Amino acid sequence: MSILYALLWFAGLSLILGLMLAAASVIFSVKVDPRIPQVLECLPGANCGGCGFTGCSACAEAIVKGEAKISACPVGGQKSADKIAAVMGEDAGTVTRMRAQVMCSGASDTAKAKYNYEGPRDCAAAMRLGGGPKTCPNGCIGFGTCAVVCPNDAITVVNGVATVNYTRCVGCGICVDSCPKNIIKLVPYDSKVWVGCSSPDKGALTRTYCDAGCLGCKLCEKTCEHGAIKVTGSLAAVNYDLCTGCGACAEKCRRNIIKIADNGRAVITGEPSEHKA
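Keep in mind it's a predicted model, so treat the numbers as computed, not measured. (Residues numbered from 1 in each chain as written. Predicted model: local features only at pLDDT ≥ 70, side-chain atom pairs only at ≥ 80, totals over all residues. Heavy atoms only, no water.)

Draft legend 1. Representation of the environment of Gly52 in the model. Along the polypeptide, Gly52 turns up in the loop between α2 (35-42) and α3 (56-65). Looking at Gly52, the relative accessible area reads 63%, which means it is exposed. For the pair formed by Gly52 and Tyr240, sequence separation is 188 residues and the distance between their alpha carbons is 24 Å. (Helix = DSSP H or I, 4+ residues; strand = E, 2+ residues; numbered from the N terminus. Buried < 20%, exposed > 50% of the residue type's maximum accessible area, 1.4 Å probe, protein only.)

Draft legend 2. Summary view of the pairing of strand β3 (residues 161-164). Burial along β3 is two-sided: the residues Val161 and Thr163 and Ala162 and Val164 are all buried. Of the pairings in the sheet, the one linking strand β2 (residues 155-158) to β3 comprises 4 bridges and is antiparallel in character. Across the sheet, residue Thr156 finds its bridge partner in β3, namely Thr163. Between β2 and β3, which pair antiparallel in sequence order, lie 2 residues; one of them, Asn159, sits at a positive phi of approximately 55°. (Pairing = 2+ DSSP bridges.)

Draft legend 3. Up close: the pattern of salt bridges. Tallying each qualifying case throughout the model produces 2 salt bridges. Ionic pairing is found between Lys65 and Glu61, a salt bridge with its closest N-O pair at 2.8 Å. With Lys65 and Glu61 both in helix α3, this residue pair falls 4 residues apart, about one helical turn. Among the residues examined, Lys65 registers a relative accessible area of 52% and is labelled exposed. (Salt bridge = Lys/Arg side-chain N within 4 Å of Asp/Glu carboxyl O.)

Draft legend 4. Structural context of the packing of α2 against helix α4 (residues 77-88). Between α2 and α4, the least distance of the axes is 8 Å, while the angle of their chain directions is 165°. Relative to α4, the element α2 is oriented roughly antiparallel. Considering how the two elements wind past one another, α2 and α4 form a crossing that is right-handed. Between α2 and α4, the residues in contact are Arg35, Gln38, Val39 and Cys42 and Ser80, Lys83, Ile84, Val87 and Met88, respectively. (Axes fitted to C-alpha atoms, helices over the stretch in contact; angles between N-to-C directions. Parallel < 35°, antiparallel > 145°, perpendicular 65-115°, else oblique. Left-handed = near helix turned anticlockwise from the far one by under 90°. Contact = heavy atoms within 4.5 Å.)

Draft legend 5. Structural detail: the state of the cysteines. Scanning the model with the defined rule gives 0 disulfides in all. Lacking any disulfide linkage, Cys197 is separated from the closest cysteine sulfur, that of Cys214, by 5.6 Å. Take Cys197: its relative accessible area is 10%, and that puts it in the buried class. (Disulfide = S-S within 2.5 Å.)

Here it is, written out as structure tokens:
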């Protein structure tokens, strides 16, 4: 009988604890907006952080709470935005797909070196030693930190400069945040023209540390019939809202630093640009 009493006692205790846990789950439950899992289903699930949140779940929650735009996900693009808009009962608008672009042409054979670097092959680490081994203070260090963090293997280092494979790039922007020189920019995916230089210094100074830097001569600006390229200080920059991709500016550039995107990849930095309109 003592064994039976013990079993009954344990059964009763288990029942009481079960009821207490059930009551606690109801009392302390956190209500979840049913739209959050619906929005999460519309996201690609990359968890890349390109939206500025820790992952797709956090992004979905922020969208539902109104803390992020419907188009917050750079990877999902227009397709995801349209689906999310349907869930939220709002208009997605037009989402411009973006891609990464390394604004530098300072390859190993054109950018001058100031010392031999033998430390970790990491751009941030090299940056701590006088800004890196290249003389140009605004040039690509070329150790591929951006390539390491890219979740889609869209970046490789060619001849000392990072270059982007457009067909793999989803525009998440992780590489942008990883670059210690801040020379990787997001540009419209379909844009054809880009300026391969980030140096704001005057042309005479730029010549001393790079054979492929922008001199601010304004030939590109004078050539463009659409006013899509302007020289501010000594550096040319493209206004993608006005650029038609005709390539006239690239043809006129004496330093060969205005590039034309070619067949879904960046023109290999350090080699002659294939001037195609």
